[in-house]
Amino acid sequence: MSGLNSRQLDAVQYTAGPLLVLAGAGSGKTRVITQKIAHLIGHAGIPARHIRALTFTNKAAREMRERVSQSVKGLNARGLNISTFHRLGLDILHRHPERAGLRTGFSLFDAQDAQTLIKEHLRGVPAAENLSLPAAQQRISGWKNDFIFPDQALSRAEDAFEARLATLYADYERSLSAYNAVDFDDLILRPAQLFRTQPDLLEAWQGRIRYLLVDEYQDTNGAQYELVRHLAGVRGAFTVVGDDDQSIYAWRGARPENLARLKDDYPTLQVIMLEQNYRSSASILGLANVLIARNPHVFEKRLWSELGAGERPRVLCCKDETHEAERVAAEILNLKFAAKIPLSDIAILYRGNHQAATFEQALSAHKLPYVISGGTSFFARAEIKDVMAYLRLLANPEDDVAFLRIVNTPRREIGSTTLQQLADYARERGTGLLATCIALETALMQPEHFSNRQRERLTTFARLMTDHTTQATTDPVAAMTALIDTIEYRQWLRDNASSKQIADWRFDNVTSLMNWLEQLRRGEYHGQTLANMVAHLMLRDALDRQDDADGGDGVHLMTLHAAKGLEFSHVFLVGMEEDLLPHRVSIDEDSIEEERRLAYVGITRARRSLTFTFTRRRKRYGKWVSSEPSRFLRELPREQLAWDDDRIDTPEQRKARVLAHLGNLREILSNGR
DNA sequence: TCCAGTACTATTTTT
DNA sequence: TAGTACTGGA
């Protein structure tokens, strides 16, 4: 436990009751959590299998696992469980599906599936009601995150519009239950509800989890708060770590006030503040402190650093976004060749993804490699969604969303008219779409409105699925491989891709998916149902792992949101303009404080150098719009920044740029050989 | 059933 | 401007 400061040590050793660790940016919170786990096992006598650590992302969970495995060397860490909130929820539901009103083999719907479902219910609603699909979806998700059920939503509705939304919510829930499916929000909501209503279950889980650790606690939403509160119980055997200044997810239901709420729920709560920053130079940290001091605080803290003053952070003024990208690229060339900084130590951070494009162009033009996080993920790819839908339907024949996705993929000449008829008939019978297809083959009473042609096509598809169902339970990979073969999926990809290369690449993705499934079957999911494995894949852990693996060397480009939890030697915080950071919408909604925290997160990512940029004008939806520097820049003391107002580079800068550029060319040439 | 032209929208995003 | 979602004709 060497190398911890006294506050960190206190946080690690305090196990007598509930503990809140307010960990400022760069204050070594991950170290505290990992050391604490080692301490709990080694000194507090809590068996590893009774400890559960919760994070928000797979990546964070994985990193914590890696770091813990180092700190617990020599201890018996078997059964130690570090996972995301959603994974814990899935574990709970998998153990007692019937208690949560589910049947075994239930499906897990992602946001896309949920949207499809809501869209279905939104059909026929007059456009005048001005109900957009994303808004409706966000609203429903918001209710779920706040632990509000449809009937409550309806009774709280203040006008017809609200009531309409609440009804939509109720419809949506009814469909989910008919399809034997849950969505991502349910993975938190339903376990929390189980614990609230079924004391024996709660007791069992409290016995299983005797010590709870939660990372990024300021990001918890209402339902997550409930879940943690129940699991912690009256014992309050938990440590939560968070930082209200880094709360940037209010828009998706996070309740940073959950930090303060803990004090009320647990009067014996101990609070430890970690204020020593081990990351940033004093001049960077100074700016961060000044900026965030403008926000109201429940817990006052002030970060300090023993690292030297370092370079004064700079502000670059640029003509427009092209010039901005150009200047940043020039700076990066300079860092690379004059200062020999590895590109992976450099990050460009921005508010919105659309800002990335110009930087990509500028970096490419200078042959500077970059890694961009975000963008279309593995699971958003059509071929993956197709195969996942086949798997889901094999595992859960009632998954109508999966059915609809693949019933005509590849083309089986089953169009919307046929499907509408099928859906009507299914509603009449009260069965799922696949079951209805099967019934079409054997049912004595045939509804007249199906032509022989249509019936034939539907039953052929049903047979295709049933032919592989049995095998899918014993050897899903073999079953799915056979299915892919039968439907000639590879050929279908070729027919629909612009080139053979793309088709082959798509099929490679399918192969990777199958490999993950096989790994699961042989490993941690040995002996478990296909449905459980598919649900696991839906949580996207596999995808992250791949992203990490092929995240090569290069400048990092990402949004401020994506940068939380990371650090870089040299940070470019670009687009520091009104209407961008703070964003126009946030200004209108009066949520400047969250935007300020976003800027704060950006600043505190930097270790050695920090460069802000802003432009004089920017293209917006094709039109030039003049822009002015962000109020956040004006909130920073002018003397602590090096403003570079020159529109034209100084001779020295130009010289440095030319030299750097030559160096780059030389390297490209020598690599080419 | 399929494709092409047109209407619409435009932060942040994890699971 | 650019990208996607939907509708109507062949």
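The structure under discussion appears in the preceding block.
A brief look at the structure comes next. Just so it is clear, the model here is predicted, and its values are computed rather than measured.

1. Side note on the sheet that holds strand 12 (residues 346-350)
Okay, step 1: Taken together, 7 strands build an open sheet; the order of strands is 13-14-12-15-16-11-19 and the sheet is parallel. If you trace the sheet from one side to the other, it starts and ends with strand 13 (370-372) and strand 19 (642-644), each paired once. On average, each strand axis in the sheet is inclined to that of its neighbour by 20°, with strand direction left out of account.
Okay, step 2: Sheet analysis places strand 12 next to strand 14 (residues 555-559), joined by 4 bridges and oriented parallel. Residue pairing for strand 14: Ile348 is matched across the bridge by Leu557.

2. Some remarks on unusual backbone geometry
Okay, step 1: Going from Thr409 to Pro410, the amide bond is cis rather than trans, its omega being -5°.
Okay, step 2: Secondary-structure assignment places Pro410 in the loop between helix 17 (400-406) and helix 18 (416-429).
Okay, step 3: Each neighbour pair has its own omega, and for Leu581 with Pro582 the value is 5°, a cis peptide bond.
Okay, step 4: Structurally, the position occupied by Pro582 is in the loop between strand 15 (568-573) and helix 27 (584-588).
Okay, step 5: Phi at Glu413 takes a positive value of approximately 60°, unusual for a residue other than glycine.
Okay, step 6: Topologically, Glu413 is positioned in the loop between helix 17 and helix 18.
Okay, step 7: Residue Glu413 is classed as exposed on the basis of its relative accessible area of 58%.

3. A short note on the layout of surface pockets
Okay, step 1: Here the second largest pocket defines a volume of roughly 840 Å³.
Okay, step 2: Together, 23 residues line the second largest pocket, and Glu120, Tyr179, Leu404, Ala423 and Leu433 are the ones closest to its centre.
Okay, step 3: Contributing elements (two or more residues each) for the lining of the second largest pocket: helix 5 (111-122), helix 8 (160-178), helix 17 and helix 18.
Okay, step 4: Per-element accounting of the lining of the second largest pocket gives the leading share, 6 residues, to helix 18.
Okay, step 5: Counted by class, the lining of the second largest pocket contains 9 nonpolar, 8 polar and 6 charged residues.

4. Observations concerning the nonpolar core
Soluble globular proteins tend to bury their nonpolar side chains together.
Okay, step 1: Leu262, Met388, Phe403, Leu422, Phe461, Met480 and Leu513 are the most contacted members of the largest nonpolar core, which totals 98 residues.
Okay, step 2: If near-sequence neighbours (up to four positions away) are discounted, Leu513 is found in contact with Phe378, Phe379, Ile384, Val387, Met388 and Leu537.
Okay, step 3: Among the nonpolar cores identified, the runner-up in size contains 39 residues, and Leu285, Leu291, Leu303 and Met558 belong to it.

5. A word on the packing of aromatic side chains
Think of a pair of aromatic rings as described by two things: how far the centres are apart, and how the planes are tilted against each other in angle.
Okay, step 1: If you walk through the whole model with that rule in mind, you get 8 aromatic pairs.
Okay, step 2: Between the aromatic rings of Tyr249 and Trp251, the centroid separation amounts to 5.8 Å while the plane-to-plane angle is 45°, which identifies the pairing as tilted.
Okay, step 3: For Tyr249, a relative accessible area of 12% corresponds to the buried category.

6. Digging into the pattern of salt bridges
Okay, step 1: Per the counting criterion, the structure on display carries 46 salt bridges.
Okay, step 2: The residue Glu216 makes a salt bridge to Lys564 at a minimum N-O spacing of 3.4 Å. In this pair, Glu216 sits in the loop between strand 6 (211-214) and helix 11 (222-232) while Lys564 sits in the loop between helix 26 (560-563) and strand 15, placing the two residues 348 residues apart along the sequence. Grouping residues by exposure puts Glu216 and Lys564 together as buried.
Okay, step 3: Between Glu324 and Arg618 there is a salt bridge whose closest N-O contact spans 3.3 Å. With a gap of 294 residues between them, Glu324 in helix 14 (residues 321-337) and Arg618 in strand 17 (residues 617-620) connect regions that are remote in the sequence.

7. Points about the environment of Glu398
Okay, step 1: Take Glu398: it is sitting in the loop between helix 16 (382-395) and helix 17.
Okay, step 2: Along the backbone, Glu398 and Gly432 are 34 residues apart, and their C-alpha atoms lie at a distance of 5.1 Å.
Okay, step 3: Dropping the residues within four chain positions of it, Glu398 is found in contact with Arg103, Ala178, Tyr179 and Asn180.

8. Notes on the pairing of strand 14
Okay, step 1: When you tally the buried positions in strand 14, you get 4 out of 5 residues, the bulk of the element.
Okay, step 2: Sheet analysis places strand 13 next to strand 14, joined by 3 bridges and oriented parallel. Bridge assignment links Val371 to a residue of strand 14, and that residue is His556.

9. Quick word on the protein's contact with DNA strand C
Okay, step 1: Around DNA strand C, the neighbouring residues are Lys119, Tyr621 and Gly622.
Okay, step 2: Here Gly622 contributes a backbone N or O atom positioned 3.5 Å from a sugar or linking oxygen of DNA strand C.

10. Re empty space enclosed by the protein
To locate leftover empty space, one rolls a probe as large as a water molecule over the atoms.
Okay, step 1: On inspection of all chains with the given rule, the structure shows 1 cavity of 30 Å³ or more.
Okay, step 2: Of the voids in this model, the largest cavity is the one considered here, and its volume is about 50 Å³.
Okay, step 3: In terms of lining residues, the largest cavity is bounded by Gly105, Phe106, Ser107, Leu108, Arg392, Ala395, Asn396, Ala531, Val534, Ala535 and Met538.
Okay, step 4: Put simply, the parts of the chain that give the lining of the largest cavity at least two residues each are strand 4 (107-109), helix 16 and helix 24 (530-538).
Okay, step 5: Element by element, the count of residues in the lining of the largest cavity is highest for helix 24, at 4 residues.
Okay, step 6: In the lining of the largest cavity, the residues fall into 7 nonpolar, 3 polar and 1 charged.

Conventions adopted
- Residues numbered from 1 in each chain as written.
- Chains lettered and ligands numbered in written order.
- Predicted model: local features only at pLDDT ≥ 70, side-chain atom pairs only at ≥ 80, totals over all residues.
- Heavy atoms only, no water.
- Pairing = 2+ DSSP bridges.
- Helix = DSSP H or I, 4+ residues; strand = E, 2+ residues; numbered from the N terminus.
- Axes fitted to C-alpha atoms, helices over the stretch in contact; angles between N-to-C directions.
- Buried < 20%, exposed > 50% of the residue type's maximum accessible area, 1.4 Å probe, protein only.
- 1 Å grid on protein atoms, 1.4 Å probe; cavity = no way out; pocket = protein on both sides within 12 Å on 5 of 7 lines; lining within 4 Å.
- Points joined across faces, edges and corners; volume = space filled by probe spheres on them.
- Nonpolar A, V, L, I, M, F, W, Y, C, P; charged D, E, K, R; others polar.
- Core = buried A, V, L, I, M, F, W, Y, C linked by side-chain atoms within 4.5 Å.
- Contact = heavy atoms within 4.5 Å.
- Phe/Tyr/Trp six-rings, centres within 6.5 Å; stacked < 30°, edge-to-face > 60°.
- Salt bridge = Lys/Arg side-chain N within 4 Å of Asp/Glu carboxyl O.
- Near = heavy atom within 4 Å.
- Polar contact = N/O pair within 3.5 Å; in protein donor to acceptor, adjacent residues only side chain to side chain.

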